[in-house]
Amino acid sequence: MGSGSTKILSYDDASRRFATTDLERIETVFRDLTNGTNELSFISFKRDVFANFLPEKLANRLFQIYTNSSRSTMSFKDLICCFGVIFYGTEKERMQLLYTLFAPTGILRWYDVADFLRQCGDPLHEELKKFFEINEMVTQEKFLKWLECHQGHITTITDWLLDEQRSRELLSYTIDKVSNQYAILAGVTHLSEKEIKDLEQSFYQLYSWSNYNNRQQQQQQQQQQQQLSSQLFCNILSMVFPSVLVEGVFEAFDENRDGNIDFKEFVCGLSAACRGPQFERFKFLFRVFDRDHDGILNGTDIHYMTSCLIEIAQFIPHNHLNITAEEYADKILLNNERILKSEDFLIWCQKDGLLIELLDFIFQTCHIVLGLRPSSQQDEVAIVKHFLQREKRPLIESDVQYSRPSSKPGSSWFLITMDWWIRWEAICSSSIINSKELLNKKSSSIKSTKTDNNREPGDMNNSSLVEKCISNDCVQLKSGLRSGIHFEMVPELLWIFLRKYYRCSGPIVSRKVIYRKKVNRPELDLYPLIIKIYRNQTLNPQQTQTTNNNTNNNNNTSPSTQFAYPLLNFVSATMFGSNNASTSTSSNTPRHYLACSYIVSQYQTVRSLAEELSIKFGKSLEEIRLWIRSNENDLRPIDFESIDELTCQEAGFTQTTEILLEIRNNDLTWPEELYTLATHSKALVASALSSSNSLGNVDEDGRGQIGLSNLGNTCFLNAAVQCLSHSFPLTFYFLHKYHLFEINKENPIGMQGNIALCYGQLVSKLWGNVRGPLAPFELRGSVAKFGSSRFTDFQQHDSQEFLSFLLDGLHEDLNRVYEKPYVELKDSDDRPDEDVAQEHWSNHLARNTSIIVDLFHGLLRSQVKCRICEFKSVRFDPFNILSLPLPFDTSIYLEIKLIHLDGSKPTRYGMKLNGELTVDHIKSQLSNLSSLSIEQIAFFDVTSPSSLRRYTVMDSSTTKIKQLNLRDFVAYELPVFKSIENDQLISSYIIAIHRRLERQERYLSPLTRHRMQFFGQPVLIPYNKDESTKTTNKFIYEHISKQLERLLRKNTDVTYISNHALDCDDSLGQRYPFLLKHVNEDGRRCSLCPWNRFCFGCPFECDDKEFLYTNGNIAIEWESSAYYLRYLSGHEQNVEIHSSVKSSRGSNNTESNSDEPSAIITLEDCLQSFINWENLDHKELFNCKRCQKSQPADKKLDIWKLPPCLIFHIKRFQLSNNRWIKSSRSVHFPIRSFHPAKYLAQRSTTTNSLATSLADENLSDSSSSLSSLSATTPEGASTASVDNIFILSPSRLMNGNHSDTKIGLPPPESTDENLVRKKKRFGRHKKKSKNPNEKLNIPCPPKFSQTNYRPLSFGDNSFDADNAAYNLYAFVCHYGVIGGGHYIAFVKNHINQQWYCFNDSSCKPVSESVLEQCSSSAYLLFYQRESLDHRCYMPNVEGKNQVKDELSLTTDDRWCSLM
């Protein structure tokens, strides 16, 4: 029975029964509900057509009747056919619909009817049973005759469709007292409904300032709950008002005194301040000055008033008030007996001209800033002219002593042509004719006057002022223009005000305020510089494909090997040896494009220009760089960060200046760096990345200050490499080329020396004579080649994972063990820890010996103890990075809002409980804090104001606190009664919910004419079913009134604090501003009437009759006027803060403010947490040898050996609820004199002889780091030459007898490959050298001899340098969220002892005070032992051969591995 095909009524017949306006309304609402698809779903049909009154089965059957069987949606015509029968159909048509409902198949059988009625919740009537006993199968004709005889009163369904009187009532029923807020507010203000609707837009525009990011989401919520906070309102008014006046005006608007201004207070405040008779406006001023709200102005209030008036006096021309605020106040108090009453204030207002000026000032601000439209054009002219006169004074008068926000440098003013300004002023000034003139005019004159009143000044058009219009916001003016002759200038606020009512059809001309010291006052820069802003070109897909094709053709690689980023394809093509991939692209595609032209004053600072551009393009200052652009290949950087006061004139800006605005890519790369890499040769790629990246002599103090370019989310690599390259012993090792003698290409688990060679080359360049950032392509390629699948893409990775991989890779490439012996790991078997440790360390050194092991490897002891027999299993494992957990507190902080039964202000309690405890402890703790019994406390879910449901999880005694998803709960005080049967306390109550009805202009059916709105928090009402004294209706009303007393504006307050002009609230004459009704649990339908009555709830009066309990809820139905004018919604969230909140928050680190001392943890706390015992859960049972089965156990880690270079990893990324989160807790770390030895495992006081002998035997020849060495001069070089070319090593790194040795870093290597190639080609042939290393042109590293041999023992702490202190020399910080953050390195240069911040390619010096601010982001910490002699870790390479300092992989293989 689809559209137009129903047998009961066709669409044409049905539509003729509707009024034209009703049909249009239904069609409009239907189109909006279906989003123009003409398809109404069943859910919407049940909700928006029948308001969820129909039973589910009945609604579904009715929906199927009026839709085609092939469709699941209803069309507009189907809906009209349905309405035509139900609301306008004849009795016969409705009977036919009843037959169709009972007999969907066309044949009416008893079991179909009985089943249908049972599913609809309708009882089976006896008459209906008898009817079907006689007739097993009933035809439509017989069924209709039977219905006529019984008049339809057989079932609820038949009663609904055959009750014509009820249908007429539904069509005509309306609630007279339901009004919208616009009509209500218009009744208590001097504003019209249209003005209030316009103010609503202005109000939510002001509100959206604080919720800009969530503006759309906020506007979808109930707009009445949106409020202007004190801070936001004061920020808005501070653009115009003096700061001393702002707070008083806010309090005059804030009638509820809740620290917020809702829409009702906003409208009433504007009406009181700007409309109505003058004495009402003076009353508003009285409320501005009455700070203590006591109805009188005492000495403090008057002193505040005089301070405001003195500020206002500065805005009045030629008004020099030579009196202080104290003297002014004393003068007023002397004449008024130390106080001012409201009537005295009104009299005094007539005498004091400053109060008139202040009232006018507020009047102007309410219109221009807060959005009130002027009531007449005459008011509009007065508002604009007076406001403009005050704002212009600092610009035109040099002796003005005050400054306005609009006159600050950088403020924008807008130009309006003088022709339009004069025409607008004349039309608005003559729009209202004097009443005397109006009486003297004849009818013709009156008609002419009416015509004049409709005149408009037209659109604003500034074309006559413009010489050249470059863009919408960049306009060049004609020369010789003067203010007041050719144009009028208005501040930005006034321009926005005028634009609301007048269009601007021509170009918009704005100019900025500048300040020149010579002029000594602000002025408008009419003729600023017009510069061009360029941006980096973004390749389109076609250009990217072209580049990929060129690369593929030159290198015979598949498309899958190409980089994910187009710019890196340029670089890869260059590195492959292609000469025309990047060249062809760069020649066809300009690198830069003109983004816009921009107006710049030559007197503004460069930093202010950068801030303006960052706002214009939606980027932060850290994401942009500025360059002065002569051409694409001639760029000069502009440093706007280090020099704040550098002006554009001093920076060399002219009319022809071009600026390149470089914006960092999403993968953290800089476009200019990548373009430079793409256009340079392979040799220069490694040494010259930008115009500032050039070869040259670098001062010794300037070495090690080279940044690394981001190649696409490679900040994790850059930060780790910078920290590792400032590990002095390791850098000494690589710069002196020791690694070339120890490359192990035969290691099966190594990288054939590629990682070591790439890192060595990179370190050599970082500490060489290159200026500017480097691109770590070789290292990145080798890491991608050998780093499995972890580092093959250009996504963000973990810096700690990369550092661990890099250290392992360097170790395997430099492993001195070529044939690793098989080592069997033995259990401790209750042997001394010293013996087991020595055994494990010896086994480790037997397979692993390298400079990485010597410097970075330590030893951990792992203990697992059986909880049953306390058997211990001990093992020792090496480590290179110590991962420290953040101290974890199992306690959980909870806050509970307790709503009292007596209607007093709710109380918020705080508690901190162990997460392993059950929820019963929450009730017990709350019972102790609130002095209530446990039976009087219940937790409820208050997420929906239409219902109140018990939080059943809190009633389960087995639920643990850590299993709760919430940390903020709402509890109610329950009414309890003694049971008659067993004298036990039982709780019995009724739930009352708040609601109101709002009339809708647009609705589908009469059932949805009114929209039901729920709000507020439900109320509990005591009700004892077993009580002998019955509960009366009056008791219910009184109890609810007591609960709501704190949420109602009292009648006694209205006469003073209200900004109302009149009183239209009908509820003020009644005892209660609400009506109570019986409703079901969802609060939408009556709990007494059947559904076919379509009753929203049956009311009951406040009388002594017994309350009729219906097993449902009570609806507190508010009249619209009472809700808008008396209900204080802002007071709902007001609570009393219990002392337990402060004490619990103070002891809860995770919830505290990160700036509080209690929220800061130390590195020592992390170490202590690392060595604490840990309980293994049941999934990790321990296979106990003593018990011979799996048992629960505890585990503990201890530090046994500390390496010379100690790296800590703070585990900020944690898995919580199956998702990774980042902790930003502050970890205070020491910079110097850190003593981690106190966290070493306890050892026996006597030294085991076996351990000592093993140490002497195995450790002495395992590594050259086992002895102290003295330096000797490299072979072939004199002592003097060594002294001259080597940097002095810091004295703190020396110990023993070697403090006078001057072996440090070698001098920078020459990277001019052309010179090297030239020498190789044209140089003379020399005699072959006996030393094979001379062929490689690589100097031999310093050679050291052994002295003062001292074995390292496991028997005491001498193994760890006698508890030596450690100093911080580098650390990595992670900023941002997990998966999308950024890594930055802070390192200490060992040459000049200066700390530097490495942010990819940027390198800037920082002070130690900056390091303390990194406690919440520190991720990797690098420490080095004090008095460390780096020479004792250098190997003896005498007699060994060097490998070539070249990569063993071809470039093709290396670069293809990146994808």
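A brief structural summary. (Residues numbered from 1 in each chain as written. Predicted model: local features only at pLDDT ≥ 70, side-chain atom pairs only at ≥ 80, totals over all residues. Heavy atoms only, no water.)

What to know about the pairing of strand 22 (residues 907-914)
Next, step 1: Among the eight residues in strand 22, six count as buried, and that is most of the element.
Next, step 2: Judged from the two bridges that link them, strand 22 and strand 33 (residues 1136-1137) form a sheet pairing that is parallel. For T907, the partnering residue across the bridge sits in strand 33 and is E1136. (Buried < 20%, exposed > 50% of the residue type's maximum accessible area, 1.4 Å probe, protein only. Helix = DSSP H or I, 4+ residues; strand = E, 2+ residues; numbered from the N terminus. Pairing = 2+ DSSP bridges.)

Considerations on the packing of aromatic side chains
Next, step 1: Counting across every chain of the model gives 67 aromatic pairs.
Next, step 2: With a centroid separation of 6.2 Å and an interplanar angle of 80°, the aromatic rings of W1091 and F1094 are classed as edge-to-face. Of the two residues, W1091 and F1094, both sit in the buried class.
Next, step 3: Ring centres 5.0 Å apart and planes at 10° place the aromatic pair F1371 and F1386 in the stacked group. Taken as a pair, F1371 in strand 45 (residues 1366-1375) and F1386 in strand 46 (residues 1382-1388) lie far apart in primary sequence, 15 residues in all. (Phe/Tyr/Trp six-rings, centres within 6.5 Å; stacked < 30°, edge-to-face > 60°.)

Things to note about the sheet that holds strand 32 (residues 1113-1118)
Next, step 1: Reading across from one edge, 29-28-32-30-31 is the order of the five strands in this open sheet, with mixed pairing throughout. Strand pairing shows two members of the sheet lacking a second neighbour, strand 29 (1010-1022) and strand 31 (1098-1100), which therefore form its edges. In this sheet, adjacent strand axes meet at a mean angle of 35° when their direction is disregarded.
Next, step 2: Across five bridges, strand 28 (residues 989-999) lies against strand 32 in parallel orientation. Directly across from H994, in strand 32, lies its bridge partner I1116. (Axes fitted to C-alpha atoms, helices over the stretch in contact; angles between N-to-C directions.)

What to know about the packing of helix 6 (residues 91-102) against helix 9 (residues 140-150)
Next, step 1: Viewed as axis vectors pointing N to C, helix 6 and helix 9 meet at an angle of 120°, and their least axial separation amounts to 10 Å. In terms of axis orientation, helix 6 runs oblique to helix 9. You can see that helix 6 and helix 9 cross each other, and the crossing is right-handed. Only Q140, F143, L144, L147 and E148 of helix 9 make contact with helix 6, whose side of the interface consists of M95, Q96, L98, Y99 and F102. (Parallel < 35°, antiparallel > 145°, perpendicular 65-115°, else oblique. Left-handed = near helix turned anticlockwise from the far one by under 90°. Contact = heavy atoms within 4.5 Å.)

Side note on the sheet that holds strand 15 (residues 624-631)
Next, step 1: With mixed pairing, five strands are arranged side by side in an open sheet as 14-13-17-15-16. At either margin of the open sheet sits one strand with a lone partner, and together these are strand 14 (592-600) and strand 16 (634-638). Between one strand and the next, the sheet's axes are offset by a mean angle of 35°, whatever the strand orientation.
Next, step 2: In terms of strand pairing, strand 15 meets strand 17 (residues 658-663) through five bridges, oriented antiparallel. When the sheet's bridge partners are listed, W627 is paired in strand 17 with L660.

Some remarks on the pairing of strand 49 (residues 1418-1425)
Next, step 1: Among the eight residues in strand 49, eight count as buried, and that is most of the element.
Next, step 2: Note that strand 39 (residues 1205-1211) and strand 49 share five bridges and pair antiparallel. Residue pairing for strand 49: F1208 is matched across the bridge by L1421.

Digging into the pattern of salt bridges
Next, step 1: Overall, the coordinates contain 46 salt bridges when judged by the stated rule.
Next, step 2: Across the pair D22 and R25 runs a salt bridge, and its minimum N-O distance is 3.4 Å. Of the two residues, D22 and R25 both sit in helix 2 (residues 20-33), three residues apart, roughly one turn of that helix.
Next, step 3: Judged by its relative accessible area of 25%, D22 is partly exposed.
Next, step 4: Its salt-bridge partner being E488, residue K392 comes within 2.8 Å of it at the nearest N-O pair. Here the residue K392 occupies a position in helix 23 (residues 377-396), and E488 occupies one in strand 10 (residues 487-491), the gap between them amounting to 96 residues.
Next, step 5: The structure contains a network of salt bridges with shared partners spanning D833, R861, K1196 and D1198. (Salt bridge = Lys/Arg side-chain N within 4 Å of Asp/Glu carboxyl O.)

A look at the packing of helix 34 (residues 715-725) against helix 36 (residues 754-766)
Next, step 1: The N-to-C vectors of helix 34 and helix 36 enclose an angle of 75°; their axes lie 11 Å apart at closest approach. The pairing of helix 34 with helix 36 is recorded here as roughly perpendicular in orientation. Contacts between helix 34 and helix 36 involve V721, Q722, L724 and S725 on the former and, on the latter, Y759, L762, V763 and L766.
Next, step 2: A breakdown of the residues in the contact of helix 34 with helix 36 according to their chemical character gives six nonpolar, two polar and no charged. (Nonpolar A, V, L, I, M, F, W, Y, C, P; charged D, E, K, R; others polar.)

Concerning the side chain of E280
Next, step 1: Inspection of the secondary structure assignment puts E280 in helix 18 (residues 278-289).
Next, step 2: Within the buried core, E280 has no salt-bridge partner, and the shortest N-O distance to an opposite charge, that of K283, equals 6.5 Å.
Next, step 3: Within the structure, E280 has its side chain in polar contact with the side chain of H190 (distance 3.0 Å).
Next, step 4: Residue contacts for E280: discarding those within four places in its chain leaves H190, A272 and A1061. (Lys, Arg positive; Asp, Glu negative; His and termini not counted. Polar contact = N/O pair within 3.5 Å; in protein donor to acceptor, adjacent residues only side chain to side chain.)

Some words on a nonpolar patch on the surface
Next, step 1: A surface patch of nonpolar side chains, amounting to about 320 Å² of accessible area, comprises L1215, W1220 and I1378.
Next, step 2: Among the secondary structure elements, L1215 is positioned in strand 40 (residues 1213-1216). (Patch = residues over 30% accessible without salt bridge, like charges linked within 9 Å, V, L, I, M, F, W, Y side chains within 5 Å. Areas by Shrake-Rupley, 256 points an atom, 1.4 Å probe, with all protein chains shown as cover.)

Things to note about the nonpolar core
Next, step 1: Core analysis: the largest hydrophobic core is formed by 131 residues, its most contacted members being F266, F289, M305, F345, L370, W421 and W1118.
Next, step 2: With nine residues, the single largest contributor to this core is helix 22 (residues 353-368).
Next, step 3: Those residues in contact with F289 that lie beyond four places of it in its chain are L297, D301, Y304, M305, C308, F345, L355 and L358.
Next, step 4: Listed in part, the 78 residues of the second largest apolar core include V49, F50, L97 and I993. (Core = buried A, V, L, I, M, F, W, Y, C linked by side-chain atoms within 4.5 Å.)

Read these as layout, nothing more, since geometry by itself doesn't imply function.
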